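# Remarks on the overall topology
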Amino acid sequence: MLRRLRQRPEWKFFGVLPRADRGLGVAWWALLVLRGLLPAAFAVAMGALVGAVQRGESLGAPLAVVGVVFVLLQVLTPIHQAISANLGSRVAAWLYDRLTEACVRPPGVGHLEDPKLTSDLTVAREFDLGMTGPPMHINMDFIAGSLVEMIGGLASALVLFAYAWWAPLVLAGAWLATHWLLRESAVWHDRNTDEVREAQRHADYAYRLAVDPPAAKELRLFGLADWTVERFTSRRKLLFDRIYRATRLREKPLVWSLLLLAAANVAVFWSLADAAAGGRLDLGHLVAYAQLAVGTSMIAFGGLNWALDGAAAPVAAVLRLEPAMAPAGALAAPSQTVRSARGLPAREIRFRNVTFAYPQSDRPVLDGFELTIPAGSSLAIVGQNGAGKTTLAKLLCRLYDPQRGAIEVDGVDVRDLDVGAWRSRVAAVFQDFIRFELPLRDNVAPSGAPDDAVLAALAEAGAAGLAALDTPLARGYEGGTELSGGQWQRIALARALCAVRRGAGLVLLDEPTAQLDVRGEAEIFDRILAATRQATTILISHRFSTVRHADRICVLEHGRVIELGTHDELIAERGRYRTMFELQAKRFGATEDEEGKAYDVLA
Ligand SMILES: Nc1ncnc2c1ncn2[C@@H]1O[C@H](COP(=O)(O)OP(=O)(O)O)[C@@H](O)[C@H]1O
Ligand SMILES: [Mg+2]
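Conventions used here
- Residues numbered from 1 in each chain as written.
- Chains lettered and ligands numbered in written order.
- Predicted model: local features only at pLDDT ≥ 70, side-chain atom pairs only at ≥ 80, totals over all residues.
- Helix = DSSP H or I, 4+ residues; strand = E, 2+ residues; numbered from the N terminus.
- Buried ≥ 20, exposed ≤ 12 C-beta atoms within 10 Å, placed from the backbone.
- Contact = placed C-beta atoms within 7 Å.
- Core = buried A, V, L, I, M, F, W, Y, C linked by C-beta atoms within 7 Å.
- Domains from an automatic or database assignment.
- Expected span 1.5 Å × (residues − 1).
- Arc of directions from axis to C-beta.
- Near = placed C-beta within 6 Å.
- Nonpolar A, V, L, I, M, F, W, Y, C, P; charged D, E, K, R; others polar.
- Axes fitted to C-alpha atoms, helices over the stretch in contact; angles between N-to-C directions.
- Parallel < 35°, antiparallel > 145°, perpendicular 65-115°, else oblique.
- Left-handed = near helix turned anticlockwise from the far one by under 90°.
- pLDDT = per-residue confidence, 0-100.
- Pairing = 2+ DSSP bridges.

## Observations regarding the overall build of the chain
Scanning the chain from N- to C-terminus turns up 24 helices and 10 strands. Overall size of the chain, expressed as C-alpha extent along the three principal axes, is 115 × 55 × 50 Å. Looking at the chain as a whole, 39% of its 603 residues qualify as buried. At a minimum sequence separation of 6, the contacts of the chain that also span at least 24 residues come to 78%.

What follows is the structure, given as structure tokens:
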């Protein structure tokens, strides 16, 4: 029972409050309880005051008590609201800190690509953006408000025992029954179901398609305006339908609730009136008990409301993600003592019987993969989309470890190298390379380099004169500028070339030129090969016709090397390379000067 309770998101939520800020957490609870007790205290104080008036006693003390309680009732609410907002912000910040740490710290990237973790990650990432519910600093006040009411109602009922044992039971029972009667139909229970979340997500997406500038082009070209509007309205309608149905559902339970409440209140107030008329209850007590009986109704309005669902879901998600992400993003520990990565690779990089499958996938991407790359040479890896080229690059950077086999650099398993030291030997540009919203200089040398090295790298990548080194590469910043896809790729290449100038020994380029025209691509491949002659260079491409100047070309298919050799050797072999080369060269030849996009015959 206790274990089940501890598993509840609500339990986890309240557990996080003192961890986010102990002082504020304690103050929040203290004020919560105090505010909950005040209505009952006010009723008792009023009763005492009226009793004193009736008996002609001194009014000083009872008046003072009524005054103090009244003032507290007035001032505690705004103070509690301020504490709620503050605590809510701290809880949000605490969750974001934990999530950021959990995402950034693991040395691998498996935890960010694991389908088992995506749903929690979505909830945890977006909870405070106000898309799935109010942000935490607002939610805290809703939660506090409804708990105050609950405590207030229970406290009133408790004091009512002084009148008659049955009165609080009947009243509190009736008011509590409203929760039970309306539970199935309560709107707040419909707020956060999977179905509602999904409808909300679809509606939000359609809305963003309609209002976001990047979608505007395709929306018009494909004539999707009606489709978008229809999608938005149908999902919105679904949401409203559910709310309407929930409201309709309440009709019958509502009648039952009313009858029950009427009966309970008639019984208690009848009894009070009868006792007063019979002289068994003086005016002071009557005033107090009547107020307490009314105050008991707060039970119906308080409780654990939907705001708590919204606030508890991300807490539970983050607390689940933390322990799950660390192992999912972990890398194998070195088998022996960690070896130095200095000067690597000096002899060769060797994939030895490497087998790798992504987490939660039973189909290996690489299966018994064998390849040796002599240090200082250039190798082009070509293959169709999905052949496993990017996966190969990720393994080489140790973003994942293979399940079987090993990648060896100069005979040393990369798992026995310090990850950071090995990565600093690698200059890699991935297809989805990062576009820092930072000055050009920082985009070329994120970890710093002298300006002349940055400028030389830019020139080598054919990006000289694109912008000043201080220009932020994003509009929306003062003096910022927007680059085209091809220009960005040149910046990314310059980043790799700059790293080579700073001593990186392995250059890994994963389709870095897919957005350049074919001529530009061939030209830049040649430039890169010239600029990285002293390094080991791996060029990945799905265009067979632009990699001919690499020392060797490796054709990858279904996770294995099917052909390997120089351009001339592979042409002479009359195999897959030659077929694809001729097919693509013919098509490129016909439309050589146009943009490269149309050429992706394999895409
Ligand atoms: N993060 C991932 N999780 C699961 N499967 C993936 C992931 N990334 C790629 N894959 C799958 O692995 C295969 C190889 O992908 P990839 O290495 O990106 O191919 P390429 O770069 O040659 O186009 C594809 O079938 C792809 O669907
Ligand atoms: Mg790829």
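Text resumes after the structure shown.
## Observations concerning the nonpolar core
Of all hydrophobic cores here, the largest spans 76 residues; its most connected members are Ala494, Ala496 and Val507. If one sorts the elements of this core by residue count, helix H21 (residues 485-501) sits on top with 9 residues. Leaving out residues up to four positions away in the same chain, Ala496 has contacts with Ala427, Ala428, Val429, Val507 and Leu509. In terms of nonpolar packing, the next biggest core, distinct from the first, is built from 73 residues, Leu17, Ala48, Leu147 and Val287 among them.

## Some remarks on the domain arrangement of the chain
Here the domain parsing of the chain yields domain 1 (2-186 + 278-328) and domain 2 (432-504). Between the C-alpha centres of domain 1 and domain 2 there is a distance of 52 Å.

## Description of helix H22 (residues 518-531)
In this model H22 runs 20 Å from its N-terminal to its C-terminal C-alpha over 14 residues, within 8% of the 20 Å that 1.5 Å per residue would give. Every buried residue belonging to H22 is among Val518, Glu521, Ile524, Phe525, Ile528 and Ala531, and all of these are buried. For H22, the buried positions fall inside an angular range of 145° around the axis, keeping them on one side.

## Structural notes on unusual backbone geometry
With omega at -10°, the peptide bond leading from Leu344 into Pro345 counts as cis. By the element assignment, Pro345 lies in the loop between helix H16 (306-328) and strand S1 (348-356). Unlike most non-glycine residues, Gln360 shows phi in positive territory, near 65°. One can find Gln360 in the loop between S1 and strand S2 (366-374). Phi is positive for Arg574, close to 55°, though the residue is something other than glycine.

## Some words on the site of ligand 1
Near ligand 1, the surroundings consist of Glu113, Tyr358, Ser361, Val365, Gly383, Asn385, Gly386, Ala387, Gly388, Lys389, Thr390 and Thr391. At 3 residues, the largest contribution of residues to the shell around ligand 1 is made by helix H17 (residues 389-396). Counted by class, the shell around ligand 1 contains 3 nonpolar, 7 polar and 2 charged residues.

## Examining the packing of helix H4 (residues 60-104) against H16
For the pair H4 and H16, the least separation of the axes is 9 Å and the interaxial angle reads 25°. Between H4 and H16, the angle falls in the class roughly parallel. The two elements H4 and H16 cross, and the hand of that crossing is left-handed. Contacts between H4 and H16 involve Leu95, Arg98, Leu99, Ala102 and Cys103 from the first element and Pro314, Val315, Val318, Leu321, Glu322 and Met325 from the second. Counted by class, the contact of H4 with H16 contains 9 nonpolar, no polar and 2 charged residues.

## Looking at the confidence of the model for the chain
Summary statistics for the chain give a mean pLDDT of 89 and a share of 95% for residues scoring 70 or more. Note on residues 590-603: pLDDT under 50 across the span, and 19 contacts to partners over four residues away in sequence or across chains.

## Comments concerning the sheet that holds S1
Across the sheet, which stays open at both edges, the 4 strands sit in the order S2-S1-S4-S5 with antiparallel pairing between neighbours. Every other strand in the sheet has two partners, leaving S2 and strand S5 (412-413) as the edge strands with one partner each. Relative to strand S4 (residues 404-409), S1 runs antiparallel, the two sharing 5 bridges. Pairing of Arg350 across the sheet is with Glu408, part of S4. On the sheet, H17 packs against S1, S2 and S4 and is oriented at approximately 115° with respect to S1.

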